[in-house]
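Spelled out, the chains give:
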Amino acid sequence: MRSATARLKERIDVMDKRYAEANMAMDRMRQVLDEATALLSRNSADLGTQVERQGQELNQLHGKLEELRYLLEQLQTAGGRVDERLSLLEQNQQKIVDKVAPAMPDDKDALWAGAQEKLKAADRAEARRYLREFVKRFPQDPRGAAAYILVGKSFAEEGKHTQAAAEFQKVLEAYPKSSEIPEAMFQLGLAFVELKFCGDAEAIFLDLAKRYRRSPRAQDAREQAKSLKSLEKDKSRCTS
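Residues numbered from 1 in each chain as written. Predicted model: local features only at pLDDT ≥ 70, side-chain atom pairs only at ≥ 80, totals over all residues. Heavy atoms only, no water.

Enquirer: Can you help me understand the environment of Ala184 in this one?
Expert: With respect to the element layout, Ala184 can be found in helix H6 (residues 181-194). The class of Ala184 is buried, set by a relative accessible area of 0%. Between the C-alpha atom of Ala184 and that of Leu172, which follows or precedes it by 12 residues, the distance is 7.2 Å. When neighbours within four sequence positions are excluded, Ala184 is seen to be in contact with Ile149, Phe168, Val171 and Leu172. (Helix = DSSP H or I, 4+ residues; strand = E, 2+ residues; numbered from the N terminus. Buried < 20%, exposed > 50% of the residue type's maximum accessible area, 1.4 Å probe, protein only. Contact = heavy atoms within 4.5 Å.)

Laid out in structure tokens, this is it:
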């Protein structure tokens, strides 16, 4: 009897232990389930927010797409009018050019003759246009150096001595072997005198007289250099 009771008690103890373990397992399961439920709830809320935000963004993109489509249609409609206006503008521009700056002759002799006629008529701006075009079209023509000199003189006659000096300098750079070099140097010296660069002018005149002794401008250059001696101390006439 005692042994049976002992065995029964052991079985009861084992059952109590298993029951306690089962309760602990159930508690853990409930805790895990609660945590999973909470996580799922948060994820569902976040997912709903993301879906809602993405829906708003899609609506905005759709609105922008519609706006761009409308603008494109407007541009396509206006494109034809713009092309028409550009064509009309080009035609009017060409008419203005033809009126203000008529086409020049293609023949170089006719172009040169036209420049001389403009100079005789004191139409200096138009003469310069002819002469510049002559040099541009026929840079190898021997008259190119003379063209630069004529352009420079036309500026000098208008009192634009800086521009004149630049044109005379072009002769020295572009046509260093031209027979027009002495004239270009002399005119450059005169331009420097007008610009009150007496020291530079004197140097040019002396160089001209030395290098081109047989030139008709050699004597003129010596006289100019001599006259500058009396001006060098006059600050109102010479700054350098």
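Enquirer: Honestly, the environment of Ala174 in this entry has me stumped. Any pointers?
Expert: One can find Ala174 in helix H5 (residues 161-174). Assessed through its relative accessible area of 45%, Ala174 is described here as partly exposed.

Enquirer: Would you mind going over the state of the cysteines with me for this structure?
Expert: The bond known as a disulfide is covalent and runs between the sulfur atoms of two cysteines. The full count for this structure, using the stated rule, is 1 disulfide. Here Cys198 is linked by a disulfide to Cys238, with a sulfur-sulfur distance of 1.8 Å. Where Cys198 bonds to Cys238 through sulfur, the torsion about that S-S bond is close to -80°, and the disulfide is left-handed. Highlighted residues: Cys198 in helix H7 (residues 198-211) and Cys238 in the segment after helix H8 (216-229), separated in sequence by 40 residues. No difference in accessibility class separates Cys198 from Cys238, as the two residues are buried. (Disulfide = S-S within 2.5 Å.)

Enquirer: I would appreciate a short explanation of the packing of helix H4 (residues 144-157) against H5 in the present structure.
Expert: Two packed helices can be described by the angle between their axes and the distance between those axes. Contact geometry for H4 and H5: axes closest at 7 Å, N-to-C directions at 170°. One way to sum up the angle between H4 and H5 is to call them roughly antiparallel. When you trace H4 past H5, the crossing you get is left-handed. For the pair H4 and H5, the contacting residues are Ala145, Tyr148, Ile149, Val151, Gly152, Lys153, Phe155 and Ala156 in the first and His161, Gln163, Ala164, Glu167, Phe168, Lys170, Val171 and Ala174 in the second. Each residue belonging to the contact of H4 with H5 can be placed in one class, and the counts come to 10 nonpolar, 3 polar and 3 charged. (Axes fitted to C-alpha atoms, helices over the stretch in contact; angles between N-to-C directions. Parallel < 35°, antiparallel > 145°, perpendicular 65-115°, else oblique. Left-handed = near helix turned anticlockwise from the far one by under 90°. Nonpolar A, V, L, I, M, F, W, Y, C, P; charged D, E, K, R; others polar.)

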